[in-house]
Amino acid sequence: MSKKIENASLVLDVDSKISKVDERIYGSFIEHLGRAVYGGLYEPGHPTADEEGFRGDVIELVKELRVSIVRYPGGNFVSGYRWEDGVGPVEQRRKRLDLAWRTLEPNIFGTNEFVSWCKKANTRPMMAVNLGTRGIQEALDLLEYCNHPGGSYLSDLRISHGVKEPHNIKVWCLGNEMDGPWQIGHKTAQEYGRLAAETGKAMKMFDPTLELVSCGSSSPGMPTFPAWERETLEHTYDVADYISLHQYFNNNDDDTPNFLASTLKLNQFIETVSSVCNYVKAKKRGKKDIYISFDEWNVWFHSTKSDNEKMANEPWSIAPPLLEDIYTLEDALVVGSILITFLQHADRVKMACLAQLVNVIAPIFTETGGGICRQTIYYPYLHASVYGRGISLHTIEESPKYDSKDFTDVPYMQTAAVWNEEKEELTIFALNRSLDTALNLSCTLKGFEGYKPFESITLAGPDLKAVNTVREPDNVKPVSTALPAVDNGMFSAILEPASWNVIRLKKENR
Ligand code: AHR
């Protein structure tokens, strides 16, 4: 049977730039939740563990992903967390109930262990403070403990804990999802806005160069969206540098065309919040822009039902497996689409954290005491992180479209392009959402004389529900495909149905 093929086109112009890509859009997230920390980052006794108990196999993959920044320690967890429980001699640390996930937190791993892990994994910390059960003073205490060189009570306490140099953590989140009724210490926009503004003000009295993130909406489906952004930002505008957005995608209805189209909502979310940021800037007669830190995003639904039962029926154990979604090929396509959407908004989205990093809705999966594997979603993130650094270009696209249950005029093709001027490389990321039609892509390059394709990669396959496991780690894996030939500033490439594609070009210097 012959395959259906339709035409699509793309025009890229070196002079049509969106913005430099902030490498912090390739961030991730570690929460004290399930086996993210214990059994993920930290597992003394594991064959690959180092002297601090950090799993070496995990660190290797995090390095391979080039994760630029990691948000910590939550998430819902942070809204009940006492940071003091996680520092000092390990044998004296208190076990605490974590009400957010109904588990027992041993506090063996805390702030200093996290920062040390970040150094080993070639990444940087993004620290969240508890504005659920706690407030200004505890945030300032943690800041002094982490960032003051010495000579004050809390900086000397850090030194007495064996950490001589200050951590110099630059990016701080003012709480987590404070708009959510599930959050410990949930607040109205007015309550949160005031608290975040005063906390941020005091933190910047300590160090005006800190970068602060004010909580936005936990999803565009929240009843308080987008009034929450407007009202909170009117309080926090002077101290905040970013507004934090979160969004998770699901295929609960097992409707793949609709699932692949659902990232259009992300586009709308970012554009609406950008407008609110502009509105508040104008209202304040302000000079600075507020940028977006999209510090939780992913596909999340596979584990939800069993987790709810586990938390209800088997509470208060240490690091039980929770939120362990095993990702399919179609989930990876949605992750690719999300990354393309961030690149298309590189002028506003300056940080983004794939939630999360290990075991908990994560690209990396470990067996406690055993092996490790790259989940399907690992690959689009890897490609974007490694090849998507440079300047994001406007893409002028023509593509056939489709309608799904909730969306109309969904383009089959979605693209982003990043030009790395220093390396003289151009990378095109292209998704084909169609399940049965290949796209014959004609790409016109303007101002890229001498650029030639040198690598073409595709992630696709006959089974959209295929997954990777520790036993079968390579079920879903990118493959190299035939290089398109450039002729007179144009090339053609076939985008297979339901595929994620990366086409890399480099200037040939003769
Ligand atoms: O990432 C899992 C959870 O999702 C986080 O703890 C919370 O912030 C969000 O609701």
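Preceding block: the structure.
What you are looking at is a predicted structure, and each value in this text was computed from that prediction instead of being measured.

Novice: Outline the pairing of strand S22 (residues 451-459), listing residues and values.
Specialist: With eight bridges connecting them, S22 and strand S25 (residues 499-507) associate as antiparallel partners. Counted as the bridge partner of Pro 453 is Leu 505 from S25. One ladder, built from two bridges, connects S22 with strand S23 (residues 479-480); its direction is antiparallel. Bridge assignment links Ile 457 to a residue of S23, and that residue is Ser 480.

Novice: Give me the pattern of salt bridges: which residues, what numbers.
Specialist: Pairs may arise between side chains of opposite charge once their charged atoms sit close together. Tallied over the entire structure, the rule returns 38 salt bridges. When the shortest N-O distance is used, the salt bridge between Asp 22 and Arg 24 registers 3.0 Å. Classification of Asp 22 as buried rests on a relative accessible area of 18%. Here Arg 24 falls in the buried class, since its relative accessible area comes to 10%. Glu 198 is paired through a salt bridge with Lys 201; the nearest N and O atoms lie 2.9 Å apart. Pair noted here: Glu 198 and Lys 201 are both in helix H5 (residues 189-206), with a separation of three residues, about one helical turn. According to the relative accessible area criterion, Glu 198 is partly exposed, its value standing at 24%. Among the charged side chains, a salt-bridge network with shared partners connects Asp 50, Glu 51, Glu 52 and Lys 120.

Novice: Describe the packing of helix H3 (residues 136-147) against H5, with residues and values.
Specialist: H5 packs onto H3 with a crossing angle of 30° between their chain directions and a minimal axis gap of 9 Å. By the criterion of interaxial angle, the relationship of H3 to H5 is roughly parallel. Every pair of crossing elements has a handedness; the one defined by H3 and H5 is right-handed. Of H5, the residues touching H3 (which contributes Ile 136, Ala 139, Leu 140, Leu 143 and Asn 147) are Leu 195, Glu 198, Thr 199, Ala 202, Met 203 and Phe 206. Classifying every residue of the contact of H3 with H5 gives eight nonpolar, two polar and one charged.

Novice: Go over helix H11 (residues 378-387), please, and point to the residues and values.
Specialist: In an α-helix there are 3.6 residues to a turn, and that puts residues three or four apart on one side. Among the ten residues in H11, nine count as buried, and that is most of the element. For H11, the complete set of buried residues consists of Tyr 378, Tyr 379, Pro 380, Tyr 381, Leu 382, His 383, Ala 384, Ser 385 and Tyr 387.

Definitions and limits used
Throughout this description, residue numbers start from 1 for each chain and increase along the sequence as written. Per-residue local features are limited, in this predicted model, to residues with pLDDT of at least 70; the limit for side-chain atom pairs, both in listing and counting, is 80 or more; totals at the level of whole chains, interfaces and linings are taken over all residues. Computation of side-chain values: all heavy atoms of the structure, hydrogens and water removed. Paired strands are those between which DSSP finds at least two bridges. Starting at the N terminus, helices and strands are each numbered in turn, a helix being any DSSP run of H or I of at least four residues and a strand any DSSP run of E of at least two. Here, a salt bridge means any side-chain nitrogen of Lys or Arg that lies within 4 Å of a carboxyl oxygen of Asp or Glu. Exposure is judged per residue with a 1.4 Å probe applied to protein chains only, and the accessible area is read against the type maximum: over 50% gives exposed, under 20% gives buried, and values in between give partly exposed. The axes used here are C-alpha line fits, helices contributing only the stretch in contact, and every angle between their N-to-C directions lies in the interval 0 to 180 degrees. Here roughly perpendicular refers to angles of 65 to 115 degrees, roughly parallel to angles under 35, roughly antiparallel to angles over 145, and oblique to all remaining angles. Crossing handedness follows the turn of the near helix against the far one: under a right angle anticlockwise gives a left-handed crossing, and clockwise gives a right-handed one. Contacts were defined at the residue level, with two residues in contact if any of their heavy atoms lie within 4.5 Å. Classification convention: Asp, Glu, Lys, Arg as charged; Ala, Val, Leu, Ile, Met, Phe, Trp, Tyr, Cys, Pro as nonpolar; all other residues, Gly among them, as polar.

None of the figures reported here should be taken as evidence of function without further support.
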